[in-house]
Amino acid sequence: MPPFADALALYGALFFIGLTVGAMGFFGAGVAPVVFRVLCEEKAGPVIRSIFPIYYLVLAVTTGLAAVAGFLINVAAGLVLVVIAGGFLFARQVMMPRINALRDEIKRGSTAAKGPFDMMHAWSVRMNMLQLIVLVLVFWFLALSVS
């Protein structure tokens, strides 16, 4: 690839990874705590629940765009980014609906749903943190290639 195209791919990947990391940090450290502080739990839950599909979709798209650029620079980085983007889609399409259904069962008085809900919620948080850490590592790896 011409040097300009290499630079464009590299800075594009760094931009989209940075955008993803920034969005994750903003939601986790800004939006969610404020919503739960300002609204009672009964009202905060539905607000957060309505944001999550958008959150995961935006993160999947920005990470997917980073992956496209990443493949042009380093195939391994591109593959890692594809896996992370797939994880966001998995969380959105598989985990989130199940977590919401379990939460609804708990609200209706089911005690049997509490264990599975706690487990799935904990896994979703862990997965999100792992994705964040790996995104930072890929960013760092790609940034080191800037000459």
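Structure: see above.
These figures come from a predicted structure and were not determined experimentally.

1. Some thoughts on the overall build of the protein
Within the protein, the regular secondary structure consists of 4 helices and 0 strands. Along the protein, from the amino end to the carboxyl end, the secondary structure elements read α-α-α-α. When its C-alpha atoms are laid out on the principal axes, the protein stretches across 60 × 30 × 20 Å. Split into buried and exposed, the 147 residues of the protein put 30% on the buried side. Summarising the internal contacts of the protein: among those between residues at least 6 apart in sequence, 71% fall at separations of at least 24. Accessible surface for the protein amounts to roughly 8600 Å². Of this, 75% is attributable to carbon and sulfur atoms. When the 10 basic and 6 acidic side-chain charges of the protein are each reduced to a single mean position, those positions are 4 Å apart.

2. Quick notes on the side chain of threonine 20
Structurally, the position occupied by threonine 20 is in helix α1 (residues 3–38). Judged by relative accessible area, which is 1%, threonine 20 ranks as buried. A polar contact is formed between the side chain of threonine 20 and the backbone oxygen of phenylalanine 16, at a distance of 2.8 Å.

3. Side note on the packing of aromatic side chains
Here the structure, examined in full by the defined rule, presents 6 aromatic pairs. The interplanar angle of 35° and the centroid separation of 4.7 Å between the aromatic rings of phenylalanine 27 and tyrosine 55 together place this pair among those described as tilted. With phenylalanine 27 in helix α1 and tyrosine 55 in helix α2 (residues 41–73), this pair connects stretches of sequence that are 28 residues apart. In this structure, phenylalanine 27 and tyrosine 55 share a single accessibility class: buried. Aromatic side chains phenylalanine 52 and tyrosine 56 sit 5.6 Å apart centroid to centroid with 20° between the ring planes, which places their arrangement in the stacked category. Pair noted here: phenylalanine 52 and tyrosine 56 are both in helix α2, with a separation of 4 residues, about one helical turn. Judged by relative accessible area, tyrosine 56 falls into the buried class, the value being 6%. Members of the aromatic cluster, connected to one another through ring pairs, are Phe27, Phe52, Tyr55 and Tyr56. The ring centre of tryptophan 123 lies 5.4 Å from the NZ or CZ of arginine 126, which sits over that ring.

4. Some words on α2
The first and last C-alpha atoms of α2 sit 45 Å apart over 33 residues, in line with the 48 Å expected at 1.5 Å per residue. The principal kink in α2, of about 30°, is found at phenylalanine 52, preceding the proline proline 53 by one to four residues. The set of residues buried in α2 consists of Ala44, Ile48, Tyr55, Tyr56, Leu59, Ala60, Thr62, Thr63, Ala66, Ala67, Ala69 and Gly70. Those residues of α2 that are buried lie in contact with α1, α3 (75–107) and α4 (114–144).

5. Describing the nonpolar core
Formed by 26 residues in total, the largest nonpolar core has its most connected members in Ile17, Leu81, Phe88, Leu135 and Leu142. When residues of this core are traced back to their parent elements, those giving at least two are α1, α2, α3 and α4. The dominant element in this core, judged by the number of residues it contributes, is α2, at 9 residues. Those residues in contact with leucine 135 that sit more than four places away from it in its chain are Ile17, Thr20, Val21, Met24, Thr63, Leu81, Ile84 and Phe88.

6. A short note on the packing of α2 against α3
The N-to-C vectors of α2 and α3 enclose an angle of 165°; their axes lie 7 Å apart at closest approach. Overall, the two elements α2 and α3 adopt an arrangement that is roughly antiparallel. Both α2 and α3 take part in a crossing whose hand is left-handed. A per-class count over the contact of α2 with α3 returns 20 nonpolar, 5 polar and 5 charged.

So, how was this worked out
- As a convention, each chain's residues are numbered from 1 in the sequence order in which they are written.
- Note on the predicted model: pLDDT of at least 70 is required for a residue's local features to be given, and 80 or more for side-chain atom pairs to be given and counted; whole-chain, interface and lining totals, by contrast, use all residues.
- Only hydrogens and water are set aside when side-chain values are computed; all heavy atoms of the structure are taken into account.
- Numbered from the N terminus, helices here are DSSP runs of H or I no shorter than four residues, and strands are runs of E no shorter than two.
- Three labels apply to residues, based on accessible area from a 1.4 Å probe with only protein chains included: buried if under 20% of the type maximum, exposed if over 50%, partly exposed otherwise in between.
- In what follows, residue pairs with any heavy atoms lying within 4.5 Å of each other are defined as contacts.
- Surface exposure here means Shrake-Rupley accessible area, sampled with a 1.4 Å probe, where a residue is shielded only by the protein chains that are shown.
- Positive charges are assigned to Lys and Arg, negative charges to Asp and Glu, while His and the chain termini are left out of the count.
- Charged side chains are reduced to one point each, which is NZ for Lys, CZ for Arg, CG for Asp and CD for Glu.
- Counted as a polar contact is a pair of N or O atoms within 3.5 Å, where, for protein atoms, one must be capable of donating a hydrogen and the other of accepting one, and residues adjacent in sequence contribute only when both atoms are in side chains.
- To pair, rings of Phe, Tyr and Trp, with the six-membered ring standing in for Trp, must have centres within 6.5 Å; the planes then decide the type, stacked if under 30 degrees apart, edge-to-face if over 60, and tilted in the middle.
- Think of it as a cone above the ring: NZ of Lys or CZ of Arg counts as a charge over the ring if it is within 6 Å of the ring centre and within 35 degrees of the ring normal.
- An expected span of 1.5 Å times one less than the residue number is assigned to each helix.
- Think of it this way: the bend at a residue is just the angle between two axes, each fitted to seven residues, one set ending at that residue and the other starting at it.
- Grouping buried Ala, Val, Leu, Ile, Met, Phe, Trp, Tyr and Cys residues that are joined through side-chain atoms within 4.5 Å yields what is termed a nonpolar core.
- Axis angles are defined between N-to-C directions and span 0 to 180 degrees, where every axis is a line fitted to C-alpha atoms and, for a helix, only to the segment in contact.
- If an angle is under 35 degrees, it is roughly parallel; if it is over 145, roughly antiparallel; if it lies from 65 to 115, roughly perpendicular; otherwise it is oblique.
- By convention, the crossing between two helices is left-handed when the near helix turns anticlockwise from the far helix through less than a right angle, and right-handed when the turn is clockwise.
- Just so you know the grouping, Ala, Val, Leu, Ile, Met, Phe, Trp, Tyr, Cys and Pro go in nonpolar, Asp, Glu, Lys and Arg go in charged, and all remaining residues, Gly too, go in polar.

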